[in-house]
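Observations on the three-dimensional arrangement
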Amino acid sequence: MQVITTKDDFKAAMGAEKAQRRSIGLVPTMGALHDGHISLVRQSRASCDLTAATIFVNPLQFGENEDFGVYPRTLESDLAKLERAGADVAFVPAVADIYPDGFETSLTNSATSRVLCGAHRPGHFDGVLTVVLKLLNMSRCDRAFFGKKDYQQLTLIRRMALDLDVPAEIIGCETVREETGLARSSRNAYLSADDRARAVKLSAALMAMRSRFDAGERDVSQLMLAAAPVTNDPAISLDYLEIRSPDLATRFERSVEGPAVVLIAAKIGSTRLIDNMELGEPAEWVAAA
Ligand code: PAF
């Protein structure tokens, strides 16, 4: 595996692959890699000639009081994991290379980014979209792979690709879970044993809601009752628990008929966790062109 640390070298390496008509798969990450990231690498390898993973803790997507400073940075073991997973390139740029002096342009989504996590983390998705577009442009990738665990992020990236005519295909990959059901996340590293036991309640609530939906329940308040172990736990501070359409545009508040997604975000101790689960036939969101 080739480790590349500058934007110019990365662009040159990807350009050379393109010149040889090799397809490029991009796996953008912020490091602290877990099985979820590795499954993205595997899926890229299965459909692309070359897989480039990026490791960049993007300052633009962290709010002032968020965890940018303490976000887990585990470069050595990340590189070993990528190598084992068969990535061809790891791109590990410095902040000053991605955002040099004079950098003053960023992307804004003015609708989907304002709900759910966007309502609790102002500016977060502008930072995500800006860095993702830069990485897509630098890599000239054919496909880019993102986990469905960050469902709103994936939806926004798909919207951006469509709105801005980005030529890469955006692929959403299934959430990887621990045996307990807890969604794999780099932020799980922050959880104490007690926190972890509480965190498991989030996925359990989503699964219970899905079981009720599968059994025919369509009343939103009845579905929400299945999440009582979360909503009644005073040590879990809920940011939101909502049922929305697959494109997130519609919030279902009374009844839910078609395919939908339940999304949750909560703070356990000082750790903010998100998770989601599709209801009904998994509906890959495809926006009308
Ligand atoms: O999901 C993440 O790890 C980040 O938001 C991403 C997509 C790598 C952009 O920094």
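Rules behind the numbers
Each chain has its residues counted from 1, running along the sequence as written. Side-chain atom pairs in this predicted model are given and counted only at pLDDT of 80 or more, local residue features only at pLDDT of at least 70, and totals for whole chains, interfaces and linings cover all residues. For the side-chain quantities, the full set of heavy atoms in the structure was used; hydrogens and water were omitted. Any residue under 20% of the maximum accessible area for its type is buried, any over 50% is exposed, and the rest in between are partly exposed; the area is computed with a 1.4 Å probe on protein chains only. Secondary structure elements follow DSSP: runs of H or I no shorter than four residues count as helices, runs of E no shorter than two count as strands, and numbering proceeds from the N terminus. To obtain the arc, one takes the directions from the helix axis to the C-beta atoms. By definition, residues are in contact when any of their heavy atoms lie within 4.5 Å. We call a set of buried Ala, Val, Leu, Ile, Met, Phe, Trp, Tyr and Cys residues a nonpolar core when their side-chain atoms join them within 4.5 Å. In short, DSSP must find at least two bridges between two strands for them to pair. Where helices are involved, their axes are fitted lines through C-alpha atoms of the stretch in contact, as for all axes, and angles between N-to-C directions lie from 0 to 180°. When at least one non-hydrogen atom of a residue lies within 4 Å of a molecule or strand, that residue is treated as near it. Definition of a polar contact: a pair of N or O atoms within 3.5 Å, with one able to donate and the other able to accept a hydrogen when the atoms are protein atoms, and with sequence-neighbouring residues admitted only if both atoms are side-chain atoms. Calculation of accessible area relied on Shrake-Rupley with a 1.4 Å probe; when residues are assessed, cover is drawn exclusively from the protein chains displayed. Charged means Asp, Glu, Lys or Arg here, nonpolar means Ala, Val, Leu, Ile, Met, Phe, Trp, Tyr, Cys or Pro, and polar covers whatever is left, Gly included. A side-chain nitrogen of Lys or Arg and a carboxyl oxygen of Asp or Glu constitute a salt bridge if their distance falls within 4 Å.

What follows covers helix H3 (residues 75-85). Looking only at H3, the buried set comprises Asp78, Leu79, Leu82 and Ala85. Buried residues along H3 cover an arc of 130° about the axis, so they all sit on one side. The outward face of H3, more than 90 degrees from its buried face, is lined by the exposed residues Glu76 and Arg84. Against strand E1 (2-4), helix H2 (35-47), strand E3 (50-55) and strand E4 (89-91) lie the buried residues of H3. Just past H3, the residue Gly86 takes up positive phi, approximately 95°.

Time to look at the nonpolar core. Residues Phe10 and Leu136 are the most contacted members of the largest nonpolar core, which totals 42 residues. Looking at this core, the elements that each hand over two or more residues are helix H1 (7-19), strand E2 (24-29), E3, E4, helix H6 (124-139), strand E5 (143-147), helix H7 (151-163) and strand E9 (260-268). Ignoring any residue separated from it by four or fewer positions in sequence, one finds Phe10 in contact with Ile4, Leu26, Ala52, Thr54, Val89, Phe91, Met138 and Ser139. Residues Met209, Val262, Ala266 and Leu273 belong to the second largest nonpolar core, which totals 26 residues.

Here 4 strands make up an open sheet; going across it, the order is E8-E7-E9-E10 and the pairing antiparallel. The two strands at the open ends of the sheet, each matched to only one other strand, are strand E8 (251-252) and strand E10 (271-279). By the bridge criterion, 8 bridges tie strand E7 (residues 236-244) to E9 in an arrangement that is antiparallel. Bridge assignment links Leu241 to a residue of E9, and that residue is Ile264. Helix H8 (residues 193-214) contacts E7, E9 and E10 of the sheet and is inclined by roughly 15° relative to E10.

Close to the ligand lie Pro28, Thr29, Met30, Asn58, Gln61, Val131, Val132, Asp150 and Gln153, which account for all nearby residues. Between the ligand and the protein, one listed contact pairs an oxygen atom with a side-chain N or O atom of Gln61 at 2.6 Å. Within the side chain of Gln153, a nitrogen or oxygen atom sits 2.7 Å from an oxygen atom of the ligand. When the free accessible area of the ligand is taken as 290 Å², the share hidden by the protein chains comes to 88%. Breaking the shell around the ligand down by element, the ones donating at least two residues are E2 and H6. A per-class count over the shell around the ligand returns 4 nonpolar, 4 polar and 1 charged.

Attention now goes to the pattern of salt bridges. With the rule as written, the count across this model stands at 17 salt bridges. Across the salt bridge formed by Arg272 and Asp239, the nearest N and O atoms sit 2.7 Å from each other. Remark: Asp239 occurs in strand E7 and Arg272 occurs in strand E10; sequence separation between them is 33 residues. Residue classification places Arg272 among the buried residues on the basis of a relative accessible area of 17%. Across the pair Arg244 and Glu242 runs a salt bridge, and its minimum N-O distance is 2.8 Å. Taken individually, Arg244 and Glu242 each receive the classification buried, so the pair is uniform in this respect. Salt bridges sharing common partners tie together Asp35, Glu178, Arg184 and Arg196.

Once that is clear, we can look at the sheet that holds strand E6 (residues 169-173). The 6 strands are arranged E1-E4-E3-E2-E5-E6 in an open sheet whose pairing can be described as parallel. Every other strand in the sheet has two partners, leaving E1 and E6 as the edge strands with one partner each. Each neighbouring strand pair of the sheet contributes to a mean axis angle of 25°, computed without reference to strand direction. The pairing of E2 with E5 spans 2 bridges and is classified as parallel.

Counting buried positions along E9 gives 8 out of 9 residues, so the element sits mostly inside the fold. Where E9 lies against E10, 9 bridges are found, and the strand directions are antiparallel. The residue bridging Ile264 from the neighbouring strand is Asp275, located in E10. Counting the residues in the hairpin turn of E9 and E10 gives 2 residues, including Gly269, whose phi is positive at 60°.

With that settled, the discussion passes to the side chain of Arg187. Here Arg187 is to be found in the loop between E6 and H8. There is a polar contact of 2.9 Å between the side chain of Arg187 and the side chain of Asp67. For Arg187, the contacting residues outside a window of four places in its chain are Phe62, Asp67, Tyr71, Arg121, Thr271 and Arg272.

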